[in-house]
Amino acid sequence: MNAADATAALKAGFASAILEEKEFRGELSLTLRQESLREVCRHARDELGFDYLIDVSSVDHFGDEPRFEVVYELYSMNDGVHLRLRTAVSEDACELPTVSDLWPTANWHEREVFDLMGIRFKDHPDLRRILMWEGYPYHPLRKDFPLEGKPSEVAGLAFSDVAPLAGGPFVTVPTDGTTQVREPRARHAGTPPVTDKFIEEP
Amino acid sequence: MSDQSPIAYDSKIEGNIIITKLDAAVNWMRSNSLWPMPMGLACCAIELMAASSSRFDISRFGAEVMRFSPRQSDVMIVAGTVTYKMALAVKRIWDQMPEPKWCIAMGACASSGGMYRSYAVLQGIDHLIPVDVYISGCPPRPEALLDGLMSLQKKIMGEHSVLEQKKALLESL
């Protein structure tokens, strides 16, 4: 079986669940309806042999609706086949059914998605933060969260502060200049390189 | 007796007796057997390991006994990026170290956050614990660590712990 066979099998069984099929450089992605995510995953695991969930990741399309997208990377150990499943999540609901009962590895991946993007997973056995600490009030990988962070404090446990960016984040551009020109102390994306002096820190 | 030479040797007494001050003797012993608590958090830890290996050999300065128990260590070498999540563990281990204790911030990240200007990274371990010696570099070479260690030894040689205890005792009476 290859990825095309798997896609065809899924399309035959779940025609109404699949919103879009995309191929890019030999990699197949299926966009699914949120309601049928678990059924499709269960079928892919039990009938099509996708016994390994490589990764669960999330994308923030800030400004679009639905805002979030969660991506599941499936792999079949026996056939060596990859398959990518995507599903959209709206900002209002911000919730998806868990697949951690199908692939136990999804447990921590979903915790990471919850921690950094703020998407909750329904019926997850242990939905705690995994990288930030309990009580941290933000979800730092969202596009509207600033890179330098926000101050927060959980008394007796942890705190965070705003990092001094000093005019950064710094952007290097390809140029044949010296290191000073290539990597100035501070330069915003788009501003042209200054030839022979440092830019003052703001 | 100068701070540079902690002991006075009188050749007429043939080496059986050495005259010194208690502070100087204590400092001499402390500074020449600094047991490090290796707080290796990132790539600086690799240089820390190199410093303790044969080519650089940190044992020449009496600091080869890397203790993984904070209760047996004298100097915490914070080597690497301190994330906020790790920072509290670093602080806890620091609190478990017995006095007297010193801290070396090794490398750009431990000193100032380095290139990690981000929500996840503590901008310098001195926000949490007092630092005696900062070592620049990303990562610093083992020679830089040895130089930092020698600076710390010099600093320890200038301490007056017994004298200060005496003063505090006299003031309390």
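Data block above holds the structure.
Just so you know, these numbers come straight off a predicted model, no measurement behind them.

We now examine the overall build of chain B. When helices and strands are tallied, chain B shows 6 helices and 6 strands. The helix and strand sequence of chain B, counted from the amino end, reads β-β-α-β-α-β-α-β-α-β-α-α. In terms of principal-axis extent, the alpha carbons of chain B reach across some 65 × 45 × 25 Å. Put simply, chain B has 173 residues, and 43% of those count as buried. Long-range contacts, defined here as pairs at least 24 residues apart, represent 75% of the contacts in chain B between residues at least 6 apart. Of the roughly 9400 Å² that chain B leaves accessible, carbon and sulfur atoms contribute 57%.

A few words now on the overall build of chain A. Helix and strand counts for chain A come out as 4 helices and 9 strands. The order of helices and strands in chain A, counted from the N terminus, is α-β-β-α-β-β-β-β-α-β-β-β-α. With 202 residues in all, chain A has 38% of them scored as buried. Sequence separation of 24 or more characterises 43% of the internal contacts of chain A that already satisfy a separation of 6 or more. About 11300 Å² of surface is accessible on chain A, with carbon and sulfur atoms providing 51% of the total.

Let us now look at a nonpolar patch on the surface. Together, A:Tyr52, A:Ile54 and A:Met77 give the surface a local cluster of nonpolar side chains, amounting to about 270 Å² of exposed area. Turning to its location among the elements, A:Met77 is positioned in the loop between β4 (68-76) and β5 (81-89).

It is worth spelling out the interface of chain B and chain A at this point. When the parts come together, some accessible area is lost, and that loss is often what is quoted as the size of the interface. Chain B puts 9 residues into the contact, and the matching count from chain A is 19 residues. Taken as a group, B:Tyr84, B:Arg117 and B:Tyr119 account for 59% of the area that chain B buries against chain A, more than any other trio of residues on that side. Counting every contact that joins chain B to chain A gives 4 residue pairs in polar contact (both at pLDDT 80 or more). Of the residues in the side of chain B that touches chain A, the class split is 5 nonpolar, 2 polar and 2 charged.

Across soluble globular proteins, nonpolar side chains show a tendency to be buried alongside one another. All names here are of chain A. Among the nonpolar cores identified, the biggest contains 35 residues, and Tyr72, Leu74, Leu85 and Ile119 are the most heavily contacted of them. The set of elements that each furnish at least two residues to this core consists of α1 (3-13), β2 (27-32), α2 (37-46), β3 (52-60), β4, β5 and α3 (106-117). Beyond its immediate chain neighbours, meaning those up to four positions away, Leu85 contacts Leu30, Leu32, Val40, Cys41, Val70, Val71, Tyr72 and Leu74.

So, on to the side chain of A:Ser152. Residue and element names in this part refer to chain A. Of note, Ser152 is situated in strand β8 (residues 152-154). Only 2.8 Å separates the side chain of Ser152 from the side chain of Ser160, close enough to count as a polar contact. If we skip the residues at most four places from it in the chain, Ser152 touches Trp133, Tyr136, Pro137, Tyr138, Phe159 and Ser160.

Summed over the entire model, instances satisfying the criterion amount to 7 aromatic pairs over all chains. On the numbers, 6.3 Å between centres and 85° between planes, the contact of A:Tyr52 with A:Tyr75 is edge-to-face. Placement of the pair is A:Tyr52 in strand β3 and A:Tyr75 in strand β4, with a sequence separation of 23 residues. Since its relative accessible area comes to 35%, A:Tyr52 is described here as partly exposed. By the ring-pair criterion, three or more aromatic residues cluster together here, those being A:Trp133, A:Tyr136, A:Tyr138, A:Phe145, A:Phe159, B:Tyr84 and B:Tyr119.

Okay, the pattern of salt bridges next. Residues and elements named next belong to chain A. Using the criterion set out here, one finds 16 salt bridges over all chains in the structure. A salt bridge links Glu91 to Arg67; the shortest N-O distance between them is 2.8 Å. Remark: Arg67 occurs in the loop between β3 and β4 and Glu91 occurs in the loop between β5 and β6 (95-97); sequence separation between them is 24 residues. Note on Glu91: relative accessible area 36%, which makes it partly exposed. The salt bridge involving Glu95 is made with Arg120; its shortest N-O contact spans 3.8 Å.

Thresholds, definitions, all that
The numbering scheme is per chain: residues are counted from 1 as the chain's sequence reads. Whichever chain is written first becomes A and whichever ligand is written first becomes 1, with later ones labelled in order. Where totals are concerned, whole chains, interfaces and linings use all residues; where local detail is concerned, this predicted model gives features only for residues with pLDDT of at least 70, and gives and counts side-chain atom pairs only at 80 or more. With hydrogens and water excluded, all non-hydrogen atoms of the structure serve as input to the side-chain values. Helix and strand assignments come from DSSP, with helices taken as H or I runs of at least 4 residues and strands as E runs of at least 2, each series counted from the N terminus. Each residue is assigned to one of three classes by its accessible area relative to the maximum for its type, calculated with a 1.4 Å probe on protein chains only: buried under 20%, partly exposed between the two thresholds, exposed over 50%. Whether two residues are in contact is decided by their heavy atoms, any of which lying within 4.5 Å being enough. Here the Shrake-Rupley method, with its probe set to 1.4 Å, supplies the accessible areas, and only the displayed protein chains count as covering residues. Surface patches are drawn from residues lacking salt bridges whose relative accessible area is over 30%; two like charges belong together within 9 Å, two nonpolar side chains (Val, Leu, Ile, Met, Phe, Trp, Tyr) within 5 Å. What makes a salt bridge here is a side-chain nitrogen of Lys or Arg within 4 Å of a carboxyl oxygen of Asp or Glu, nothing more. Here the quantity called buried area is the total loss of accessible area, with a 1.4 Å probe, experienced by two parts when brought into contact, counted for both. Definition of a polar contact: a pair of N or O atoms within 3.5 Å, with one able to donate and the other able to accept a hydrogen when the atoms are protein atoms, and with sequence-neighbouring residues admitted only if both atoms are side-chain atoms. When residue character is reported, Ala, Val, Leu, Ile, Met, Phe, Trp, Tyr, Cys and Pro are called nonpolar, Asp, Glu, Lys and Arg charged, and the others, Gly included, polar. Residues enter a nonpolar core if they are buried and are Ala, Val, Leu, Ile, Met, Phe, Trp, Tyr or Cys, with the set joined through side-chain atoms within 4.5 Å. Here is the rule: rings of Phe, Tyr and Trp (six-membered ring for Trp) pair when centre to centre is within 6.5 Å. Planes less than 30 degrees apart are stacked, more than 60 are edge-to-face, and the remainder are tilted.

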